[in-house]
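Working through the structure, step by step
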Amino acid sequence: MKIVVRADASLTIGSGHIMRCLTLADRLKQQGHAITFICRQHDGHLAELIGQKGFAVQLLATSGTADFIKQHAHSEWLGASESDDFAECQPILQALQPDWLIIDHYAIGKNWEQQAKRLLPNLKILAIDDLADRTHDCEILLDQNFGRKNGDYQPLVPSDCQRLLGTRYTLLRDEFASWRTMSLNRRKSVQPPNNILVNLGGVDNDNITLKILQSLNTFIHQSTQSFNVTVVMGKTAPHIESVQRFAKHTSFACAVLVNVTNMAQLMANADLAIGAAGSTTWERCCLGLPMVLIVLADNQQVIAKALADKNLVKVVTDRATLDEQLPRLLSELADNYKKFSRQSAKLVDGQGAKRVAHWIEFAQKFQHCQVRQATQADSQMIWQWRNHVDVRRWMFGQDEIALADHEKWYGKQLDHANVHLLIFETDGSKGGEPMGLVNVTQVTVDKYQTLQLANASSPNEKTASWGFYLSPNSAKGQGLGFALGVLAIARIFNTTDIGKITAQVLAYNTASLALHRKLGFSETGVLKQHFGVGDKVYDVVEFELKSQDFLF
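Basis of the calculations
Along each chain, the written sequence defines residue order, and numbers are assigned to residues from 1. Totals for whole chains, interfaces and linings use every residue, but because this is a predicted model, local features are given only for residues with pLDDT of at least 70 and side-chain atom pairs only at 80 or more, for both listing and counting. Hydrogens are left out, water is left out, and the side-chain values use all remaining heavy atoms of the structure. Secondary structure elements are defined from DSSP: runs of H or I of at least 4 residues count as helices, runs of E of at least 2 residues count as strands, and each element is numbered from the N terminus. For this measure, only C-alpha atoms enter the radius of gyration; the expected value for a globule follows 2.2 Å times N^0.38, where N is the number of residues. Any residue under 20% of the maximum accessible area for its type is buried, any over 50% is exposed, and the rest in between are partly exposed; the area is computed with a 1.4 Å probe on protein chains only. The contact criterion used throughout is that any non-hydrogen atoms of two residues lie within 4.5 Å. With residues, only the protein chains shown are counted as cover, and all accessible areas are computed by Shrake-Rupley using a 1.4 Å probe. For the purpose of charge, His is not counted, nor are the chain termini; Lys and Arg are scored as positive and Asp and Glu as negative. Lysine's charge is taken at NZ, arginine's at CZ, aspartate's at CG and glutamate's at CD. Each axis is a line fitted through C-alpha atoms, taken for helices only over the stretch in contact, and angles between the N-to-C directions span 0 to 180 degrees. For classification purposes, an angle smaller than 35 degrees is called roughly parallel, one larger than 145 roughly antiparallel, one from 65 to 115 roughly perpendicular, and anything else oblique. With the far helix as reference, a near helix turned anticlockwise by less than a right angle produces a left-handed crossing, and one turned clockwise produces a right-handed crossing. Note on residue classes: Ala, Val, Leu, Ile, Met, Phe, Trp, Tyr, Cys and Pro are nonpolar, Asp, Glu, Lys and Arg are charged, and everything else, Gly too, is polar. Just to be clear on terms, a salt bridge is a Lys or Arg side-chain nitrogen sitting within 4 Å of an Asp or Glu carboxyl oxygen. Pairing between strands is defined by DSSP: at least two bridges between the two strands are required. Each pair of aromatic rings taken from Phe, Tyr and Trp, with Trp reduced to its six-membered ring, is defined by centres within 6.5 Å and is described as stacked if the planes are under 30 degrees apart, edge-to-face if over 60, and tilted in the remaining cases. Put simply, a charge is over a ring when the Lys NZ or the Arg CZ is close to the ring centre, within 6 Å, and near the line of the ring normal, within 35 degrees. Expected span of a helix: the number of residues minus one, times 1.5 Å. Think of a nonpolar core as a cluster: buried Ala, Val, Leu, Ile, Met, Phe, Trp, Tyr and Cys residues, connected wherever their side-chain atoms sit within 4.5 Å. We call a pair of cysteine sulfur atoms a disulfide whenever their separation is within 2.5 Å.

1. Looking at the overall build of the chain
Scanning the chain from N- to C-terminus turns up 19 helices and 20 strands. Here the C-alpha atoms of the chain give a radius of gyration of 26 Å, agreeing with the 24 Å that 2.2 N^0.38 yields for 552 residues. Taken along its principal axes, the extent of the C-alpha atoms in the chain is 85 × 60 × 35 Å. In the chain, which comprises 552 residues, the share counted as buried stands at 51%. A separation of at least 24 residues holds for 66% of the contacts in the chain among residues at least 6 apart in sequence. Taken as a whole, the chain presents about 24,800 Å² of accessible surface, with 48% of it coming from carbon and sulfur. Averaged over its 56 positive side-chain charges, the chain has a centre that lies 5 Å from the centre of its 56 negative ones.

This is the structure in structure tokens:
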């Protein structure tokens, strides 16, 4: 596929949007797709870096005026009106004829996106957002922030838009997944934590880095413990020299690194971090690095508050009292070091870019497929499907079911809070044609299991079993079973607290065995000679799929 990315970096915007788009672009390139970036030539743009990473860049000239109607809270970041920006992009898009457009820009919304779709009717759009403050016309909406809910985008995107929400979709470079195991293992024996990593993003326009070093200088000078501090700055940061000058005269060992290429390694070998509450937060989480966050922009407030409310990080609430707050917050992290490391690492596993890239490929092939909640109106259709010989032959209960018995069962399923009945549909652009049923039943817990769950590693993570089938008249050989599985499992993991799905499959059902493995299920056991059909007895294969192993 041909994919175009529209994103910007500048001294005002920072580098985060471009950096996460580069991460996704790298993953898509590995999967065989061609990527081109469109960026405006703001001060601090990163076109050279994008080129060094092996991607083509089309640069838009800067505008001499900011005199245009501002449609969004961050409209000035675009450097032009939405319509003018699109007009400049139009000939580029027309020449490239992309299949997908990835937009990561707080100043671009529905108006720009609709113009792109009028220009290229087959175009699909992935919109990357963090704010939920404007409408979009997109096939996929990505918001990787902690605590983001489905309802936050309900009125802002089309009803059939696939919403990828939360930290399981965090766009991190492959190096973070590679360093994760080493980093988490190392933290089990850190005592006391004394290697501090300071990173305020790629720009740090207000030179907060220097203020942090000044605060640390006072704190460490009074401490009996020795500390090593590593400062990482972007090459476009305007205050590098002042930080370097100060670092030469501190009371602690202080290295200032610029434009590093081994950030994951530096984080893995650090004990504590002080940094901005932007996208780098998720890199630290992936590596279990306990952190003090400093809010540098209004859009970082939500992230910082959500994480602090769950006691996953410490946050400087007032930069004016940095000298007073920083020693206390670092001490609180050190006192509960393993807990902060373990809890933050649960948020991000480093597989987000792979999941998002898989969704783009999935949506390209199965754009008109969806799942919806089953209703009472579906009852007779499901009964007819279930009794068809091509469905019954794969079931554990292979007798025909009377309509009255089915309706009694079906009514109970619809009313049961622990049951999720979903209808798989194709041709969603035409209103949807039902093509399959999914039944996900959450495992109930009795009082004798309570102590066992309390001692589990994730006591709040629920387990469910699932079963499914396609309708007898569904098209064969088109991957509809895979589409059903991806959509249904994603819905369960993304909208409930279910963290693991189990399955049992008859050993002669080779298609279902292959499908479970393709979806990422692991085989956990075989029940030998467990199920009889006629005069034959068959094995039953048991599977499980954990949320972190589902790469969608």
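Having seen the structure, we can now continue with the description.
2. Quick look at the packing of helix H6 (residues 208-222) against helix H11 (residues 322-335)
Viewed as axis vectors pointing N to C, H6 and H11 meet at an angle of 65°, and their least axial separation amounts to 9 Å. Relative to H11, the element H6 is oriented roughly perpendicular. Relative to H11, the crossing made by H6 is right-handed. Facing Lys-211, Ile-212, Ser-215, Leu-216 and Phe-219 of H6, the residues of H11 in contact are Leu-322, Asp-323, Leu-326, Pro-327 and Leu-330. Here the contact of H6 with H11 is composed, by residue class, of 7 nonpolar, 1 polar and 2 charged.

3. Considerations on the pattern of salt bridges
Following the criterion strictly, the structure yields 27 salt bridges and no others. Between Arg-134 and Asp-129 there is a salt bridge, and its shortest N-O distance comes to 3.1 Å. Across the pair, exposure class does not vary: Arg-134 and Asp-129 are buried alike. One salt bridge in this structure joins Lys-500 and Glu-544, with 3.5 Å as the shortest N-O distance. With Lys-500 in strand S18 (residues 498-506) and Glu-544 in strand S20 (residues 536-546), this residue pair connects regions lying 44 residues apart in the sequence. When its relative accessible area of 22% is taken as the criterion, Lys-500 is described as partly exposed. Among the ionic contacts, a cluster of salt bridges with common partners joins Arg-6, Asp-8, Arg-40, Asp-85 and Glu-88.

4. Re the sheet that holds S20
Sheet architecture is open: 7 strands sit in the order S14-S15-S16-S17-S18-S20-S19, paired in mixed fashion. Only two strands of the sheet have a single neighbouring strand rather than two, namely strand S14 (370-373) and strand S19 (522-533). Ignoring strand direction, the axes of neighbouring strands in this sheet form an average angle of 30°. Of the strand pairs in this sheet, strand S16 (residues 433-442) and strand S17 (residues 462-470) are connected by 7 bridges, and their pairing is antiparallel. Residue Leu-437 lies in a different strand from S17, and its bridge partner there is Tyr-469. Running over the sheet, helix H16 (residues 403-415) touches strand S15 (419-426) and S16 and is turned about 100° from S15.

5. As for the sheet that holds strand S9 (residues 228-233)
The sheet built from 6 strands is open, its strands ordered S10-S9-S8-S11-S12-S13 with parallel pairing. Edge positions in the open sheet fall to strand S10 (253-258) and strand S13 (314-316), since each of these has one partner strand only. Each strand axis lies, on average, 20° off the axis of its neighbour in the sheet, ignoring direction. For S9 and S10, the ladder comprises 6 bridges, and the chain directions are parallel. Looking at S10, one finds that Val-229 is bridged to Cys-254.

6. So, the packing of aromatic side chains
With the rule as written, the count across this model stands at 19 aromatic pairs. Centre to centre, the rings of Trp-466 and Phe-468 are 4.5 Å apart; their planes meet at 40°, and the pair counts as tilted. Each ring, one from Phe-550 and one from Phe-552, has its centre 5.8 Å from the other, and the planes form 40°; the classification is tilted. Among the aromatic side chains, those forming a connected cluster through ring pairs are Trp-359, Phe-362, Phe-366, Phe-482, Phe-493, Phe-550 and Phe-552. If you follow Lys-339 out to its NZ or CZ, it ends over the ring of Phe-340, 4.7 Å from the centre.

7. Considerations on H6
Helix length check: H6 (15 residues) gives 22 Å between terminal C-alpha atoms against 21 Å at 1.5 Å per residue, within 8%. Here H6 has its buried residues at Ile-208, Thr-209, Leu-210, Ile-212, Leu-213, Ser-215, Leu-216, Phe-219 and Ile-220.

8. Focus on the nonpolar core
Counting residues in each nonpolar core, the largest one holds 66 residues, and the members touching the most others are Phe-37, Leu-126, Trp-359 and Trp-466. Here this core gets 11 residues from one element, more than from any other, and that element is helix H18 (residues 480-495). Among all residues touching Phe-37, those that are not within four sequence positions of it are Val-5, Ile-18, Cys-21, Leu-22, Ala-25, Ile-50, Phe-55, Ala-56, Val-57 and Gln-58. By size, the runner-up hydrophobic cluster in this structure holds 35 residues, among which are Val-190, Ile-196, Val-316 and Tyr-337.

9. Some details on the state of the cysteines
Per the counting criterion, the structure on display carries 0 disulfides. Distance from the sulfur of Cys-285, which forms no disulfide, to the nearest cysteine sulfur (Cys-286) is 8.8 Å. Exposure remark for Cys-285: the relative accessible area of 1% places this residue in the buried category.

By themselves, these are just geometric observations and shouldn't be taken as functional.
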